[in-house]
Amino acid sequence: QMVDETPGTINVVNPLEAAGTDLALRIDRDKAHLLGVPLHEVDRTVRTAIAGVAATTYRDSEGDDYDIVVRLPVGNDPSLSDLDRVYVSSVMGAQIPLRQIADVAFEAGHSQITHYNMQRLVTVKADVSGRTVDDVTRDVVERLERYAWPPGYRYMIGGELESREESFGGMAQAVLIALVSIYGVLVMQFRSFAQPLIVFSAIPLAIIGSILALLITGYTFSFTAFVGLTSLVGIVINNSILLVDYANGLRRENRGLTAALVEAGTTRFTPVVLTTTTTVGGLLPLTLQGGTMWAPMGWTIIGGLLTST
C-alpha cells in the first residue's frame, strides 16, 4: 500500500496478494499413538502414495539412468478420493486406513515462499513513470521509516538502486585505475611529474560542467552518467595534451614561457573547439532521443566538454 500510494509508481506487484490453497492433513495424535502409528510414518506414506519415491534406477542399453518411482496409480492429477486408498503401517505391521487417524481440510497458504539469507522474504516490485527512480525511492523509504515495524521485521531496498550501487563500486575503481595509468603514460611522455598535473587540471572543470548539465536537465547521476563521466576524462585530457605538448615544442625553440603559452592557445584554439563541437553534435541525437537511460550519459559528456573547453 505504501508503494502503491507513492506518486510515480505503476505496475505494483505484491506476490502475497495471490494466496494459494493448501490441503492440510490434520493427524489425531492421540489416536495415532493408541494404534502404534509413528507420525513420521504418516508423512512418509502420504508422500510416497501421492508424490512417489524413487525405489531403484533403471539403466538402458545406451547407459542412460532412469528413476523407477513407486506410488499409487492416481493418474496425472491426484484427487481427495485417492487418500481413501492410503493405508499406514503401525509398529506391529498392521495396516491402518489414513482416514482413521487423520482428517483433510483446506487452508489458505502462500502460493510462493522465498528466502534471503535464511530468512523469509517478500519482494514488492514496481515500475516508475513520470518521476525519477531516486525521487520515488526516497518517498517510499520515508514512509517505511515512519512505519512501526513489528519485532523481527525489516526492509531493504533492491532493484535499480541496489544495482547502481554495486556498479558504482566497480566503476570507481575503473576510473581510479585509468587516472593512474594515464598519469604514468604522461610522465613518460613529458619527462615531468608536474606537467601531467597541468593536463589533469581540466578534469575538475569537466566534472563541474557535468553536474551542472544534470541539474539543469533534471536527470540523476545514474550508471550511464558514470560511464559518460569516465569517457569524458579521456576526452578532456586529450585536449589538454594538445596544448601542453605544443607549448613544450615552442619552449624547445627558445620561446619565452608567456609567448609559448599565448601562441599554443591561439594555434590550438580552433582544433580544440572543432573537436568539442563535433563531439557534442554527434552526441545530441542520442541525448535527445535516448530516453531516461542514455540521456544522462549524453548530458554528462556535453556539459563537461563545454566547461572544460
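Our subject is the structure that appears above.
Described below are features of the structure shown in this document.

Calculation notes
- Residues numbered from 1 in each chain as written.
- Predicted model: local features only at pLDDT ≥ 70, side-chain atom pairs only at ≥ 80, totals over all residues.
- Heavy atoms only, no water.
- Helix = DSSP H or I, 4+ residues; strand = E, 2+ residues; numbered from the N terminus.
- Rg over C-alpha atoms; globule rule 2.2 N^0.38 Å.
- Contact = heavy atoms within 4.5 Å.
- Areas by Shrake-Rupley, 256 points an atom, 1.4 Å probe, with all protein chains shown as cover.
- Lys, Arg positive; Asp, Glu negative; His and termini not counted.
- Charge placed at Lys NZ, Arg CZ, Asp CG, Glu CD.
- Salt bridge = Lys/Arg side-chain N within 4 Å of Asp/Glu carboxyl O.
- 1 Å grid on protein atoms, 1.4 Å probe; cavity = no way out; pocket = protein on both sides within 12 Å on 5 of 7 lines; lining within 4 Å.
- Points joined across faces, edges and corners; volume = space filled by probe spheres on them.
- Axes fitted to C-alpha atoms, helices over the stretch in contact; angles between N-to-C directions.
- Parallel < 35°, antiparallel > 145°, perpendicular 65-115°, else oblique.
- Left-handed = near helix turned anticlockwise from the far one by under 90°.
- Phe/Tyr/Trp six-rings, centres within 6.5 Å; stacked < 30°, edge-to-face > 60°.
- Buried < 20%, exposed > 50% of the residue type's maximum accessible area, 1.4 Å probe, protein only.
- Expected span 1.5 Å × (residues − 1).
- Arc of directions from axis to C-beta.
- Nonpolar A, V, L, I, M, F, W, Y, C, P; charged D, E, K, R; others polar.

A few points about the overall build of the protein
Then step 1. Scanning the protein from N- to C-terminus turns up 11 helices and 10 strands.
Then step 2. Compactness check: the protein gives a C-alpha radius of gyration of 35 Å against a globular reference of 19 Å for 309 residues, more than 25% above the reference.
Then step 3. Across its three principal directions, the C-alpha atoms of the protein cover 110 × 55 × 35 Å.
Then step 4. Look at the contacts in the protein between residues 6 or more apart in sequence, and 64% of them connect residues 24 or more apart.
Then step 5. For the protein, the exposed surface amounts to about 20,100 Å²; the carbon and sulfur share of it is 59%.
Then step 6. For the protein, the centre of its 22 positive side-chain charges and the centre of its 31 negative side-chain charges are spaced 7 Å apart.

Topic: the pattern of salt bridges
Close approach of charged atoms lets side chains of opposite charge pair.
Then step 1. Per the stated rule, a full pass over the model turns up 10 salt bridges.
Then step 2. The salt bridge involving E107 is made with R26; its shortest N-O contact spans 3.0 Å. On the criterion of sequence distance, the pair formed by E107 in strand 7 (residues 102–110) and R26 in strand 2 (residues 19–27) is long-range, its members being 81 residues apart.
Then step 3. A salt bridge links R131 to D139; the nearest nitrogen and oxygen atoms lie 2.7 Å apart.

Quick notes on the layout of surface pockets
Then step 1. Its boundaries defined by the atoms lining it, the largest pocket holds a volume of some 2,000 Å³.
Then step 2. If you go around the largest pocket, you meet 45 residues; those closest to its centre are V122, T123, V124, K125 and M156.
Then step 3. For the lining of the largest pocket, the elements supplying multiple residues, two or more each, are helix 1 (2–5), strand 1 (9–13), strand 8 (114–116), strand 9 (119–121), strand 10 (125–128), helix 5 (133–146) and helix 6 (159–190).
Then step 4. Among the elements that take part in the lining of the largest pocket, helix 5 stands out by supplying 5 residues, more than any other.

What to know about the packing of helix 9 (residues 223–252) against helix 11 (residues 291–308)
Then step 1. Running from amino to carboxyl end, helix 9 crosses helix 11 at an angle of 30°, the nearest separation of the two axes being 8 Å. Compared by their axis directions, helix 9 and helix 11 come out roughly parallel. Seen along the crossing, helix 9 lies across helix 11 with a hand that is right-handed. When helix 9 is examined against helix 11, the residues T224, A225, V227, G228, L229, S231, L232, I235 and V236 are found in contact with a partner set consisting of M293, W294, P296, M297, T300, I301, G304, L305 and S308.

Some words on the packing of aromatic side chains
Then step 1. For the structure shown, the criterion picks out 3 aromatic pairs.
Then step 2. Ring geometry for Y147 and W149: centres 5.1 Å apart, planes at 85°, overall edge-to-face.
Then step 3. Note on Y147: relative accessible area 41%, which makes it partly exposed.
Then step 4. By relative accessible area, W149 is classed as partly exposed at 33%.

Here we look at the side chain of S240
Then step 1. As for its position among the elements, S240 is in helix 9.
Then step 2. A relative accessible area of 11% means that S240 is categorised as buried.
Then step 3. Setting aside residues no more than four positions away along its own chain, S240 makes contact with V199 and A202.

Some remarks on helix 5
Then step 1. Over its 14 residues, helix 5 runs 20 Å from end to end, which matches the ideal 20 Å to within 8%, given 1.5 Å per residue.
Then step 2. Those residues of helix 5 that fall on the buried side of the exposure criterion are V136, T137, V140 and L144. Angularly, the buried residues of helix 5 cover 95° about the axis, an arc narrow enough to put them on a single face. Exposed side chains of helix 5 directed beyond 90 degrees from the buried face belong to E145 and R146.

Structural notes on helix 9
Then step 1. Between its first and last C-alpha, helix 9 extends 44 Å over 30 residues, near the 44 Å set by a 1.5 Å rise per residue.
Then step 2. The positive-phi residue at the C-terminal boundary of helix 9 is N254, with phi of around 65°.

Concerning the packing of helix 9 against helix 10 (residues 257–289)
Then step 1. For the pair helix 9 and helix 10, the least separation of the axes is 8 Å and the interaxial angle reads 150°. Between helix 9 and helix 10, the crossing angle belongs to the class labelled roughly antiparallel. Pair helix 9 / helix 10 crosses with right-handed handedness. Across the interface between the two elements, I235, N239, L242, L243, Y246, A247, L250 and R251 from helix 9 touch L257, A260, L261, E263, A264, G265, T267, R268, V272, T275, T276 and T279 from helix 10.
Then step 2. Looking at the contact of helix 9 with helix 10 residue by residue, the class counts come to 11 nonpolar, 6 polar and 3 charged.

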